[in-house]
Each structure stands twice: as structure tokens, then as C-alpha cells.
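Next come the chains, spelled out residue by residue.
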Amino acid sequence: MAQRSQKSPREVADELRSRIRSGELRPGQRMPTQARLAYEFGVERGAVRQALRILQSERLLTNVSKGSPATVAPDLGSALTGPGAPPLPTMVALAPRVAAAFAAPHVEIDALCLTSVSFNLALAEPLRQIHAGRLKPAKVDVRILLPSRDIDLAFPIPVDPSTDGRVQRRWLSQRNAQGQVLQHNLHALRATHGIDVKVTFRALPFTPPVKLYLLNNTEALFAYYTLTKREEEIDHEHLVMYDAEGTQSMLFAFEQGAGLRDTTFVEQSHLWFNALWETISSELTLSS
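As a starting point, this report considers the structure included with it. Residue numbering note: each chain is counted from 1, following its sequence as written. Per-residue local features of the predicted model are confined to residues with pLDDT of at least 70, and side-chain atom pairs are confined, for both listing and counting, to 80 or more; whole-chain, interface and lining totals are unaffected and use all residues. The basis for every side-chain value is the complete set of non-hydrogen atoms in the structure, without hydrogens or water.

## Thoughts on unusual backbone geometry
Outside of glycine, negative phi angles account for most residues, and trans bonds account for most peptide bonds. The test is simple: Every helix listed is a DSSP run of H or I at least four residues long, and every strand listed is a run of E at least two residues long, numbered separately from the N terminus. Each residue is assigned to one of three classes by its accessible area relative to the maximum for its type, calculated with a 1.4 Å probe on protein chains only: buried under 20%, partly exposed between the two thresholds, exposed over 50%.
A cis geometry characterises the amide bond from Phe155 onward to Pro156, with omega recorded as 0 degrees. Along the chain, the position of Pro156 falls in the loop between β5 (139-147) and β6 (157-158). The residue Asn63 is not glycine, and still its phi comes out positive at about 60 degrees. Mapped onto the elements, Asn63 comes out in the loop between β1 (61-62) and β2 (71-72). Overall, the relative accessible area of 51% leaves Asn63 in the exposed class. Despite not being glycine, His236 shows a phi value in the positive range, around 65 degrees. Relative to the assigned elements, His236 resides in the loop between β10 (227-234) and β11 (237-244).

## Quick word on the environment of Lys198
Spelled out, the test is: Note on contacts: a residue pair is in contact if any heavy atoms of the two residues lie within 4.5 Å.
Within the fold, Lys198 resides in strand β7 (residues 196-204). Along the chain, Lys198 and Arg143 lie 55 residues apart, while their C-alpha atoms are 8.4 Å from each other. Apart from residues no more than four positions distant in its own chain, Lys198 is found in contact with Val140, Asp141 and Val142.

## Comments concerning the pattern of salt bridges
Defined as follows: Salt bridge, as used here, is a side-chain nitrogen of Lys or Arg placed within 4 Å of a carboxyl oxygen of Asp or Glu.
Counted under the stated rule, the structure contains 14 salt bridges. Taking the shortest distance from any N to any O, the salt bridge between Glu15 and Arg19 comes out at 2.9 Å. Of this pair, Glu15 and Arg19 both sit in helix α1 (residues 9-22), 4 residues apart, roughly one helical turn. In this structure Arg19 comes out as buried when scored by relative accessible area, which is 14%.

## Overview of the sheet that holds strand β13 (residues 282-283)
Put simply, the test is: Strands qualify as paired when DSSP identifies two bridges or more between them. Lines fitted to the C-alpha atoms define the axes, with helices restricted to the stretch that makes contact. Angles between their N-to-C directions range from 0 to 180 degrees.
Strand order in the open sheet formed by 8 strands is β3-β12-β9-β8-β4-β5-β7-β13, with mixed pairing between adjacent strands. Edge strands, defined here as strands with exactly one partner in the open sheet, are β3 (88-89) and β13. Here 2 bridges tie β7 to β13, and the two strands are oriented antiparallel to one another. The partner of Ala203 across the bridge, within β13, is Ser282. Its contacts with the sheet place helix α7 (residues 166-193) against β5 and β7, and it is angled at close to 165 degrees to β7.

Take a look at the structure:
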């Protein structure tokens, strides 16, 4: 008889969570039976039950018992954005929180990041809901701090320091393109829905080692840029660089009123952002 794998309940939970996040397991869908999951992962049913309870504690599953199969939570948005939600990759966690912010009559979002790729991806959902008539804020104010084109970036940088400036030029092109798309999509709401929109960019004299999103003065979302060595083709040449995949950075959420720790973090984050905005940042032009 083949040796059963030694997957832990946490590893089983991680795999099932990944399927829920990706949409492979949809909201309201019944999970496979515990027996089937035990067979698939090569573990005992007890390990499966522990994995399901982990996901239930994260509000990703309901109806977890020894009887009928569990069910994927019908409102995953709440599971991903509530005060008890666990840290999740930016790609997963940011969009539902930004969409929730757009339910306010006056949307105020501040962002400090490297290129605004993640923010652009997150904006797709509230923009879709606005165009579908499910959301209609009266006013949208967005402020974004990005690294200046005039600095030597800490990252992304080539591993070989003798390489020319192609890595920085690629970053600058991406920064400008993402900013222009973001600006266009938000400004278009004026013409299509009569929403008062203001989008402002300013340049930082340093490379931010973290990303920060402040939503409606009530929520702060914080993530570290974790550097890795990777290879990318630029101008038909494969260059090895140190870079961070911001969409995969784990996003930690802090909410005003969710306790002294959270409230203080939100307040201090606003003070920090405003200080940067009003002191050492400079005008930013989205051009090469």
C-alpha cells in the first residue's frame, strides 16, 4: 500500500483557499465531501475537518460539520474585507475593499506605491458597478504618491550593476502607462455619469519599501514590497533583476473603530501620507 502524504491541515486549507480565491470554487457552491477531499490530499478525514474549520474561521466556508459537505460562503466580499479578515495578496484583497469604498457618496482614496498596477486592477470592479448602475458616488478624490523619475531606484534594479538603464526605463514606462490609464478611467466618469472626479499625482524622492492605501479616512491597507531575483526580457535581452511583485504582497487591513491599535494605525498612516504629500514630494508628470 502506498505511503500517504503527510500534508498538514494548514496545507490542505491553503490549497482549498487558493481554489476559492481563484473562483474555481464559487460563492454558494458545495464543497466536495470530506471523504473525497481526504482521498485527494492523501490525509485522514480528521485533517480535512481541521482544514475546513480553518476556512470557516476565516469566513470562507459555512455549514462545516461531520455530515453534509461544507459550502463556500455566499458573500466572499465580506469574508475578504471584514475586521477579522486574514491578510491576503493584494490582487485578492484590494478590489473588494476599493469597491466597498466606492459605495460612499464622497470617495477619498490615497495611495503610495511603486507603479499603481494593483490599484488599477482593483478599480475595475467599482468602475464596472458604476457602469452597471449599482454604484453612483457624487464625488471621487484620488491622490497617488509614486517614485520620481529623477531618482536612482532602490528597486527594480539589475543584478549586474554594469547593465545600462533599461530596467529603470521599463519601470518608468510602466509607471506612466498605469497612471495614464487610471487617470483616464476615473476622469471618464465625469462625462458618462456626471461624477465630480479629481485625480492628483505627486513624486517621491525615494523608492517606497511598502505600499499603502487609505480608503475614505476609515481604513488603511498596508503591504511590504518583498524583493526577489527574477529574469525578464527587455529589448530582446534577458536581464536578471531584483524586483518586487506588488500584486502578490500580503495586504494587512486596519480599520477606524476596530480597536485602539487599528484606529491609531489609520490615524498615523494619514498623518504620514499627508506629511509626505505636503513636504518632500514634488509635481509628477506622466510622460517619458
